[in-house]
Amino acid sequence: KLPFQIAGTEIYSSASIGILHASPTHSTSEEMMRDADTAMYQAKRSGKARHEIFDESMYVVARETLQLETDLRKAIEKNEFSVLYQPIVSLDTDEVVGIEALARWDHPEFGKISPGKFVPLAEEIGWIDALGELVMRKACTQIKDVFNELENTHDLKLSVNLSCKQFARHNLVERIAQVLEETEFPAHRIKLEITESVFFEYQDRAIEMLNHLRGLGIE
């Protein structure tokens, strides 16, 4: 925990440690390293700078996560995600003022996977851009038809969540503009929802991108 100096710069470091109590089930060094490594990654996911002792449940979770990573890629490629919509209601008037698009994944083996699970996984394996674009394209296509079918919807806006990790993509603004153009969804009727962490992670770059999006008429 004590800092050290390198070329006049003060450096802080920490360790995440995975511990394995070897047993007769570990017949090779590779098996021991695999399970110790699994425990170490559990320590990292639990907040880093700590230790975790391996148990079999960790292996089950690691194996399930690996399968989910593979299946997530396939689900995105095959457009297997669905989009549900929930109304945004004004507390003052009780009127619906907007619609929020929510991505859903119904896994053939594990059932309904929570967005709290598959969104971070998509971010981790680098597929959040493809997932975000898939959801936006599907939402714009479906809600445009609803807006066209119903009367007096000119004030309603479609809200779509945007992961801060998508701001790592240099052509994010261009891709969003292309989706709106291809689906013929009016830019002024879409609202992008982001978390404040985007400003900490991407700073001036994020502000520039958001200004470009606003220039297109997007909230």
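Here's what I pulled together on the structure shown here. (Residues numbered from 1 in each chain as written. Predicted model: local features only at pLDDT ≥ 70, side-chain atom pairs only at ≥ 80, totals over all residues. Heavy atoms only, no water.)

Here we look at the overall build of the protein chain
Helices and strands together make up the secondary structure of the protein chain, namely six helices and nine strands. Taken over the C-alpha trace, the protein chain has a radius of gyration of 22 Å; the compact-globule value for 219 residues is 17 Å, which it surpasses by more than 25%. Across the 219 residues in the protein chain, those meeting the buried criterion constitute 33%. For the protein chain, the share of sequence-separated contacts (at least 6 apart) that also reach a separation of at least 24 residues comes to 65%. Of the roughly 14,000 Å² that the protein chain leaves accessible, carbon and sulfur atoms contribute 53%. (Helix = DSSP H or I, 4+ residues; strand = E, 2+ residues; numbered from the N terminus. Rg over C-alpha atoms; globule rule 2.2 N^0.38 Å. Buried < 20%, exposed > 50% of the residue type's maximum accessible area, 1.4 Å probe, protein only. Contact = heavy atoms within 4.5 Å. Areas by Shrake-Rupley, 256 points an atom, 1.4 Å probe, with all protein chains shown as cover.)

Remarks on the pattern of salt bridges
Under the criterion given, the structure shown has 12 salt bridges. Between Glu-184 and Lys-144 there is a salt bridge, and its shortest N-O distance comes to 3.9 Å. One end of the pair, Glu-184, is in the loop between α5 (172-183) and β9 (190-193); the other, Lys-144, is in helix α4 (residues 128-149), and 40 residues separate them in sequence. For Glu-184, a relative accessible area of 61% gives the class exposed. Linked by salt bridges that have partners in common, Glu-133, Arg-137, Arg-169, Arg-175 and Glu-182 make up one network. (Salt bridge = Lys/Arg side-chain N within 4 Å of Asp/Glu carboxyl O.)

Some details on the side chain of Ser-90
Topologically, Ser-90 is positioned in the loop between β5 (82-89) and β6 (96-107). Here Asp-92 takes part through its backbone nitrogen, which lies 3.2 Å from a polar atom of the side chain of Ser-90. The residues touching Ser-90, leaving out its near neighbours within four places in the chain, are Glu-95 and Val-97. (Polar contact = N/O pair within 3.5 Å; in protein donor to acceptor, adjacent residues only side chain to side chain.)

Quick notes on the pairing of β6
Here eight bridges tie β5 to β6, and the two strands are oriented antiparallel to one another. The residue of β6 that forms the bridge with Pro-87 is Ile-99. Of the strand pairs in this sheet, β6 and strand β8 (residues 157-161) are connected by four bridges, and their pairing is parallel. Residue pairing in the sheet places Ala-101 in a bridge with Val-160 of β8. One ladder, built from three bridges, connects β6 with strand β7 (residues 111-113); its direction is antiparallel. From the neighbouring strand, Trp-105 faces β7, where its bridge partner is Ile-113. Hairpin geometry of β6 and β7 is characterised by an intervening segment of three residues between the two adjacent antiparallel strands. (Pairing = 2+ DSSP bridges.)

Some remarks on helix α6 (residues 197-215)
With 19 residues, α6 should reach 27 Å at 1.5 Å per residue; the first-to-last C-alpha distance of 22 Å falls well below that figure. The sharpest bend along α6 reaches about 115° and sits at Gln-203. What α6 keeps buried is the set Val-198, Tyr-202, Ala-206, Met-209 and Leu-213. Buried-residue contacts for α6 involve α5 and β9. Just past α6, the residue Gly-217 takes up positive phi, approximately 100°. (Expected span 1.5 Å × (residues − 1). Bend = angle between axes of the 7 residues up to and from the residue.)

As far as function goes, none of this settles anything; it's purely spatial.
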